[in-house]
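Notes for the structure review
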Amino acid sequence: MPEGTYCNKKPINTPEEVNFLLSDSSGAKYYEEMKHLDVDCELLASTIEKTMKSRLKTWLEICAHCGMCADSCFLYQVNGKDPKQVPAYKIQSTLGEIVKRKGNVTNEFMRHAMEVAWAQCTCCNRCGMYCPHGIDTGIMFGYLRGLLYQQGFVPWELKIGAGMHRAYRAQMDVTDTDFVETFEWMVEEYEDDYPGLTVPVDVENADIFYTVNAREVKHYPEDLAEAAVLFHAAGENWTIASKGWEQTSLAMFAGDWAACKMQVESVYDAMERLKPKRMVGTECGHAHRATVIEGPYWAGRPDGRPPAESIHYVEWLAGALESGKLKIDPEKRIKEPVTLQDSCNYIRNHGLKKATRTIMGHIVAPGYFIEMSPNKEHNYCCGGGGGFNGIGVFRKQRNQALLTKRDQILATGAKLVIAPCHNCWDAIRDLEEEYEIGIRWSFLKPLVIKMMILPDHMKPEE
Amino acid sequence: MHEFLTGIFFWIAVSVCIVGMAVRFVRYFLGLDWQLDRVAYRAHTAAGIKGAVRSIYKWLIPYGTQGWRTQPVMTAAFFGFHISAVTVPLFLAGHNLFLENKVGVSLVTLGPAMADFLSWLAVGCGAFLILRRVVLPEVRILTTWNDYFIWFIALAPFVTGLAARYQAGPYGFWLNLHIFCGELLLIAIPFTKMSHVFLFFASRAQLGMDFGIKRGGMKGTKMAW
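Computed from a prediction, not measured in an experiment: that's the story for all the values here. (Residues numbered from 1 in each chain as written. Chains lettered and ligands numbered in written order. Predicted model: local features only at pLDDT ≥ 70, side-chain atom pairs only at ≥ 80, totals over all residues.)

1. Observations concerning the overall build of chain A
Selection criterion: Secondary structure counts use DSSP, requiring at least four H or I residues in a row for a helix and at least two E residues in a row for a strand, with both numbered from the N terminus. The atom set for the radius of gyration is the C-alpha atoms, and the globule formula is 2.2 Å times the number of residues raised to the power 0.38. In this description, any two residues whose backbone-derived C-beta atoms lie within 7 Å of each other are considered to be in contact.
Secondary structure summary: chain A contains 21 helices and 7 strands in total. Here chain A has a C-alpha radius of gyration of 22 Å; the compact-globule value for 462 residues is 23 Å, and the two agree. For chain A, the spread of C-alpha atoms along the three principal axes comes to 75 × 45 × 40 Å. For chain A, the proportion of contacts with a sequence separation of at least 24, taken over those separated by at least 6, is 80%.

Okay, here's the thing in structure tokens:
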């Protein structure tokens, strides 16, 4: 059976197709069909020929096989230093082999490569900083994921996730109407406590265009209200867009580059339409990576920048606290040992370590903030990055991967972990569920709301 | 034989090395693609150059990066070998005498004690790095016969050079073998993993540009990637 009904090379483009694939619970039939999926070796070879240029070719070729990347990889360390988890080995034995064999690889090989690409690398890019030649294996795995996606060898959840972006321009089945209505509803819910709280929709020339993660709309709608409260308290002139509001990209995790482009263009279109001064994205790592760091390239923007200046939530928050737009009640600051999770996607890969630490300086009473070790650009992945969190078939490997973060947190002695990233937040929640170490975890918004000083005119009437 | 090795074959080896590497170097940079690499090289040249220079500079300094600092023994052996592998061929008195006769120019030269020390250092560190390759499972799994071949062509000029230096047997034989091995190395540079002697700078420059332009450099981070 070359092309399956569930598992095939065709991307998913419509809500009906999404629902069809979702009907195969846990992807049981999908993975069964994958065992028989043909590899289009010619397509594989021609894609490599067209897209593998000097950077990747040179990386594969000049790798000195020195093994210095081994210890930099948390998956190598947490899996008993298994040599098969050495980054250089992982990429040489998958992408390297495909290139060497000029695309002539078997179904079995591709399924193995799929496991390595999604369960043995979270694309955290840490190894890239430890290679004398500057070989960034995470980038190569991103490329390999693209090749695997094109051939239909992609985990079930990510095929669906990429399909969601194609069908809804969101990572979940949240329509534009759902988004606006949920936001408005949540703001109404909070209005009694914050008089005058509104959610401006499609306002042109606003100072801030706010983008979100569809999960917030679907599962954590209070996050939307909290964002509104903080913009309101800071006196910001902000807006959301009724179209192009989703900042995330599961398509990026899936390696579906065409869907990445579709998704990010919807946000850029909103920027062009509303002409905001800046875009501020929510507390999400990969969303920032997708829309701000990588997105411009998918959309073909030669300056490598989105149409409007785009910053991460932590940059906005740090600025608002520093400028005094938001004021913290010193009495209400965190007075317990607390640690901070550095998200790979915007700390290691966008240099925002100072912003998060500025925030800590404002919201944590002196002496209570404890850094993880290692931290900042050298921090380890939460254990669930790059899509790993969401892939059921690799759950066992993911749970093993969480041990690194668990031990890092335990070593700090903190019982509260601040995780300004959806993916990290999830992983830390899961590690508490799995290993019960007695910690709590939080985004920044709810913490700041609890401790900010509200200007008098914004206080609720007695 | 000696005349052939120091005559026509010398010129062939040097030309192959220089032309081969120039071609590879140029092709590397021509093959960079802003959209496929997802780095706006042209739009942010200054930030790119800054990132590239910082990346190359920091990695050239022993213990200059976190990567080097986390593996102190490996780093010592690595620099021990590479410092010798660069300085001995370029600054050995005998080599410069040859160059002076050949092309009329010469560089500063190493004193004999220093030259001996560095040559033994190269052999010692090389042996250590080969042993590391055999002993450590995380390096062994990556190792291919090609890696040993590369070590062979890298160390052969040192071993034969030392044999000639201490006259362990017929001097003329060792000298000719030494010259041959050195020239073989030059020829191997553009075509094997030895290409890293030049492509290291290309690859590092690229990652430096990547981080310098896109991944934090323009956000003010002072990281050495």
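The rest of the description comes next.
2. Notes on the interface of chain B and chain A
Put simply, the test is: Under the grouping applied here, Gly and all other residues not named as nonpolar or charged are polar, the nonpolar ones being Ala, Val, Leu, Ile, Met, Phe, Trp, Tyr, Cys and Pro and the charged ones Asp, Glu, Lys and Arg.
Chain B puts 46 residues into the contact, and the matching count from chain A is 40 residues. Elements with a minimum of two residues in the side of chain B that touches chain A: helix 2 (8-30), helix 3 (34-37), helix 4 (45-60), helix 5 (66-70), helix 9 (137-140) and helix 12 (196-214) of chain B. Within the side of chain B that touches chain A, the residues separate by chemical class into 20 nonpolar, 15 polar and 11 charged.

3. Some thoughts on the nonpolar core
We count it as follows: To count as a nonpolar core, a set of buried Ala, Val, Leu, Ile, Met, Phe, Trp, Tyr and Cys residues must be joined through C-beta atoms within 7 Å. The burial criterion counts other C-beta atoms lying within 10 Å of a residue's C-beta, which is placed from the backbone; the residue is buried at 20 or more, exposed at 12 or fewer, and partly exposed between these limits.
Counting residues in hydrophobic clusters, the biggest one holds 186 residues, and the most contacted among them are C69, A117, M140, L144, L148, F209 and L317 of chain A. At 9 residues, the largest contribution of residues to this core is made by helix 14 (residues 257-274) of chain A. Beyond its immediate chain neighbours, meaning those up to four positions away, L317 of chain A contacts I359, L444 and V448 of chain A. The next biggest cluster of nonpolar side chains, apart from the first, holds 11 residues, and it includes V39, A52, A202 and A205 of chain B.

4. Regarding the domain arrangement of chain A
All names here are of chain A. Selection rule: As annotated, the domain borders come from an automatic or database domain assignment.
You can read the domains of chain A as domain 1 (39-154), domain 2 (168-311) and domain 3 (327-451). Inter-centroid distance (C-alpha atoms) of domain 1 to domain 2 is 32 Å. Each side of the interface is counted separately: domain 1 has 6 residues, and domain 2 has 4 residues. Taken together, the residues of the side of domain 1 that touches domain 2 sort by class into 3 nonpolar, 2 polar and 1 charged.

5. Some words on the sheet that holds strand 6 (residues 416-418) of chain A
In any sheet, the strands associate via hydrogen bonds between backbone groups, in a parallel or an antiparallel arrangement. All names here are of chain A. Stated precisely, the cut-off is as follows: Each pair of strands is called paired provided DSSP finds at least two bridges between the two strands. Lines fitted to C-alpha atoms define the axes here, with helix axes fitted over just the stretch in contact, and angles between the N-to-C directions of these axes take values from 0 to 180 degrees.
Strand order in the open sheet formed by 3 strands is 5-6-7, with parallel pairing between adjacent strands. Every interior strand has two partners, whereas the edge strands, strand 5 (338-340) and strand 7 (440-442), have only one. Ignoring which end each strand starts from, the neighbouring axes of this sheet average 25° apart. Two elements, strand 5 and strand 6, share 3 bridges in a ladder whose sense is parallel. Each bridged residue has a counterpart across the sheet, and for T339 the counterpart in strand 6 is V417.

6. A few points about the packing of helix 7 (residues 107-119) of chain A against helix 8 (residues 137-150) of chain A
Residue and element names in this part refer to chain A. For clarity, the cut-off: Note on angle classes: values under 35 degrees are labelled roughly parallel, values over 145 roughly antiparallel, values of 65 to 115 roughly perpendicular, and the remainder oblique. Crossings are assigned a handedness: left-handed for a near helix turned anticlockwise from the far helix by less than a right angle, right-handed for a clockwise turn.
Remark: helix 7 packs on helix 8, axes separated minimally by 10 Å, with the N-to-C direction vectors making an angle of 140°. By the angle between their directions, the pair helix 7 and helix 8 is classed as oblique. Considering only the axes of helix 7 and helix 8, their crossing is left-handed. Residues M110, A113, M114 and A117 of helix 7 form the contact with helix 8, whose participating residues are F141, L144, R145 and L148. For the contact of helix 7 with helix 8, a count of residues per class yields 7 nonpolar, no polar and 1 charged.

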